[in-house]
Amino acid sequence: MKILLTGGSGMVGRNLQEQLRGGHHNLIAPSSNELDLTSLSTTLDYLRTHKPDLVVHAAGRVGGIQANMQEPFRYFVENLDMGRNIICAALDAGVTKLINLGSSCMYPRDHNEALREEQILTGELEPTNEGYALAKIATAKLCEYAKCVMQSAQYKTIIPCNLYGRFDKFDPKHSHLLPAIIEKIHRAKSEGIEKVEIWGDGSARREFMYAGDFAHALISAIDDFDSIPSLMNVGLGQDFSIKEYYEAVAEVLGYKGGFIFDTTKPVGMARKLVNIERQTAWGWAPKHSLQDGIAATYQYYLQEYNV
Ligand SMILES: NC(=O)C1=CN([C@@H]2O[C@H](COP(=O)(O)OP(=O)(O)OC[C@H]3O[C@@H](n4cnc5c(N)ncnc54)[C@H](OP(=O)(O)O)[C@@H]3O)[C@@H](O)[C@H]2O)C=CC1
Ligand SMILES: C[C@H]1O[C@H](OP(=O)(O)OP(=O)(O)OC[C@H]2O[C@@H](n3cnc4c(=O)[nH]c(N)nc43)[C@H](O)[C@@H]2O)[C@@H](O)[C@@H](O)C1=O
């Protein structure tokens, strides 16, 4: 099967390519220089030329809470343009199969229970990443509507929980929680810093899946496309507090220092655990423990940043 992977140079894309390499699929994974998805004409031409059997849409303007707060306009417009353009171009080229990556940010804020797929658009969004979430919701809706344009279109959305792992972004300007903790604790250990700063009071909760496991879920979805629901969360079924994530990284990296809490920093959603009943019914579960995932990510960080 000829697969077009967007976002191939990103964390999800590189983990997916690593696990697809040497397989039986014909994979094309253009960079944003070869295929700028914010340009409809470029995207239309590319898909008319390459005519993939399946599109995996993993491209996006992606960042942590601080990046989203600073650039809501950019996160809204770029993710909306990319999502709309890849779906319109796939329909124009007669592509019948597409997997779109959503995000747990799509869900309403202020929910303590595990969030079900049918709860999208049932409440107020989290302000710290509202622009990004609106673009993700709009793209998932376009996937749902695609069959009204082309009956044979099966455009499905997989909604991952937060992700971390090898090929992640560690620059504090854009990083998500786990790469930020790894960078801060590595630096504290190297420079003999006695206390590491935690944003907020540490009580917010997050669900971080190792990106290598998520890539495996995507491969299972690619290889058994008809079996996946049109909308499905992919998660761990459990979450941890921010403070527990700092403690887990300190343990893996062997950091003996303490923590200080900066409650002036943004905390975002109190919790965004995704319900995994559909995933469980589909028959997939992640393999890496948090400790193993952190250890593998740290090894990548040390090699990639020569630290
Ligand atoms: N990381 C996370 O915690 C989560 C991620 N997701 C979703 O998973 C997907 C992948 O995320 P992740 O791998 O972390 O993201 P990354 O930031 O690591 O990668 C983003 C990718 O998108 C590409 N891209 C950006 N702009 C354009 C453009 N204009 N045209 C073409 N390609 C472009 C980048 O290419 P280039 O390098 O050339 O710019 C890069 O390959 C995204 O849809 C994201 O929303 C969902 C939930 C959690
Ligand atoms: C992935 C998904 O979710 C993302 O939203 P998010 O989960 O809020 O982003 P985050 O990974 O940056 O986690 C932030 C949480 O962690 C706490 N926190 C503590 N200390 C640091 C810290 O040093 N850095 C960061 N970034 N957060 C910290 C911080 O106070 C907050 O409670 C979207 O951006 C969007 O990308 C999206 O799709």
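Report on the accompanying structure. A quick note: this is a predicted structure, and the numbers were derived from the prediction, not measured. (Residues numbered from 1 in each chain as written. Chains lettered and ligands numbered in written order. Predicted model: local features only at pLDDT ≥ 70, side-chain atom pairs only at ≥ 80, totals over all residues. Heavy atoms only, no water.)

1. Quick look at the sheet that holds strand β1 (residues 2–6)
Link 1 in the chain: If you trace the 6 strands from one edge of the open sheet to the other, you get β2-β1-β3-β4-β5-β10, paired in parallel fashion. Looking at strand neighbours, the two that pair on one side only are β2 (26–28) and β10 (231–234), the edges of this open sheet. Going from strand to strand, the sheet's axes swing by 20° on average, the running direction of each strand aside.
Link 2 in the chain: As defined by bridge partners, strand β5 (residues 154–160) adjoins β10 across 4 bridges and the pair is classed as parallel. The partner of I159 across the bridge, within β10, is N233.
Link 3 in the chain: In this fold helix α5 (residues 130–149) packs onto β4 (97–101) and β5, with an angle of close to 160° to the strand it touches most, β4. (Pairing = 2+ DSSP bridges. Helix = DSSP H or I, 4+ residues; strand = E, 2+ residues; numbered from the N terminus. Axes fitted to C-alpha atoms, helices over the stretch in contact; angles between N-to-C directions. Contact = heavy atoms within 4.5 Å.)

2. Thoughts on the packing of helix α2 (residues 40–50) against helix α4 (residues 72–92)
Link 1 in the chain: For the pair α2 and α4, interaxial distance at closest approach is 9 Å and the crossing angle is 35°. You can see that α2 and α4 cross each other, and the crossing is right-handed. Two secondary-structure elements touch here, α2 through L40, T43, L44, L47 and R48 and α4 through R84, N85, I86, C88, A89, A90 and D92. (Left-handed = near helix turned anticlockwise from the far one by under 90°.)

3. Side note on the site of ligand 2
Link 1 in the chain: Residues in contact with ligand 2 amount to 24 residues; listed here are only the nearest, G63, S103, H176, P266 and V267.
Link 2 in the chain: Between ligand 2 and Y246, the relevant distance is 2.7 Å, taken from a nitrogen atom to a side-chain nitrogen or oxygen of the residue.
Link 3 in the chain: Out of a free accessible area of 690 Å², ligand 2 has 97% covered by protein chains.
Link 4 in the chain: Secondary structure elements with two or more residues in the shell around ligand 2: α3 (65–70), α6 (177–191) and α8 (242–253).
Link 5 in the chain: Broken down by class, the residue content of the shell around ligand 2 amounts to 12 nonpolar, 9 polar and 3 charged.
Link 6 in the chain: Structurally, the shell around ligand 2 is a two-domain feature, drawing no fewer than three residues from each of domain 1 (2–163 + 208–234) and domain 2 (167–205 + 239–271 + 289–305). (Near = heavy atom within 4 Å. Polar contact = N/O pair within 3.5 Å; in protein donor to acceptor, adjacent residues only side chain to side chain. Areas by Shrake-Rupley, 256 points an atom, 1.4 Å probe, with all protein chains shown as cover. Nonpolar A, V, L, I, M, F, W, Y, C, P; charged D, E, K, R; others polar. Domains from an automatic or database assignment.)

4. Quick look at a nonpolar patch on the surface
Link 1 in the chain: Together, F73, F76, V77 and L134 make up an exposed nonpolar region whose accessible area comes to about 350 Å².
Link 2 in the chain: It is α4 that provides the largest number of residues to the nonpolar patch, a total of 3 residues.
Link 3 in the chain: Assignment of secondary structure puts F76 in helix α4.
Link 4 in the chain: According to the relative accessible area criterion, F76 is partly exposed, its value standing at 31%. (Patch = residues over 30% accessible without salt bridge, like charges linked within 9 Å, V, L, I, M, F, W, Y side chains within 5 Å. Salt bridge = Lys/Arg side-chain N within 4 Å of Asp/Glu carboxyl O. Buried < 20%, exposed > 50% of the residue type's maximum accessible area, 1.4 Å probe, protein only.)

5. Observations concerning the side chain of K272
Link 1 in the chain: Summarising the element assignment, K272 is placed in the loop between β12 (258–262) and α9 (277–282).
Link 2 in the chain: E126 provides the closest opposite charge to the buried, salt-bridge-free K272, at an N-O distance of 8.2 Å.
Link 3 in the chain: Those residues in contact with K272 that sit more than four places away from it in its chain are S104, C105, L115, N129, N162, R205, R206 and E207. (Lys, Arg positive; Asp, Glu negative; His and termini not counted.)

Function cannot be inferred from these measures alone, as they are strictly geometric.
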